[in-house]
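Each chain, letter by letter, is given below.
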Amino acid sequence: MLLGLVGRLPQIAQNLRQRHTGELAFITYLLNVAGAGARLFTTLQELDDPIALAAVVLSLGLNLVIVAQILLLGGTPKKAANKAA
């Protein structure tokens, strides 16, 4: 659970500060959301552990935030893209 926070929160904060998501791949985070959804279903079916459930829900939520940022904020701004070319 701690690793999920440490890995995703800085990325979410950086995206908000920069007002874009840079080179983040939409498909990668979409697959992360799908995997977290499958883990959530499995955890609900197989385990009676609130800590495991909290970890899965946290992972799903943070990945959904990044997917939403990719959709709403977009990728690299045009100025940065032109400089790279």
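Our subject is the structure listed above.
Residues numbered from 1 in each chain as written. Predicted model: local features only at pLDDT ≥ 70, side-chain atom pairs only at ≥ 80, totals over all residues. Heavy atoms only, no water.

Caption draft 1: Structural context of a nonpolar patch on the surface. Judged by side-chain polarity, Phe26, Ile27, Leu30, Leu31, Leu71 and Leu72 come together as a nonpolar surface patch covering roughly 630 Å² of accessible area. Put simply, the parts of the chain that give the nonpolar patch at least two residues each are helix H2 (26-46) and helix H3 (50-73). Secondary-structure assignment places leucine 30 in helix H2. (Patch = residues over 30% accessible without salt bridge, like charges linked within 9 Å, V, L, I, M, F, W, Y side chains within 5 Å. Areas by Shrake-Rupley, 256 points an atom, 1.4 Å probe, with all protein chains shown as cover. Salt bridge = Lys/Arg side-chain N within 4 Å of Asp/Glu carboxyl O. Helix = DSSP H or I, 4+ residues; strand = E, 2+ residues; numbered from the N terminus.)

Caption draft 2: The environment of glycine 61, seen in detail. Here glycine 61 is to be found in helix H3. Using a relative accessible area of 29% as the deciding quantity, one classes glycine 61 as partly exposed. For the pair glycine 61 and alanine 36, spaced 25 residues apart in sequence, the C-alpha to C-alpha distance is 9.0 Å. (Buried < 20%, exposed > 50% of the residue type's maximum accessible area, 1.4 Å probe, protein only.)

Caption draft 3: Representation of H2 in the model. The terminal C-alpha atoms of H2, which comprises 21 residues, lie 30 Å apart, in line with the 30 Å expected from a rise of 1.5 Å per residue. Those residues of H2 that fall on the buried side of the exposure criterion are Tyr29, Val33, Ala36, Leu40 and Thr43. Each buried residue of H2 lies within a common arc of 90° when the element is viewed along its axis, so the set occupies one face. Turned more than 90 degrees away from the buried face of H2 sit Ile27, Leu31, Phe41, Gln45 and Glu46, all of them exposed. (Expected span 1.5 Å × (residues − 1). Arc of directions from axis to C-beta.)

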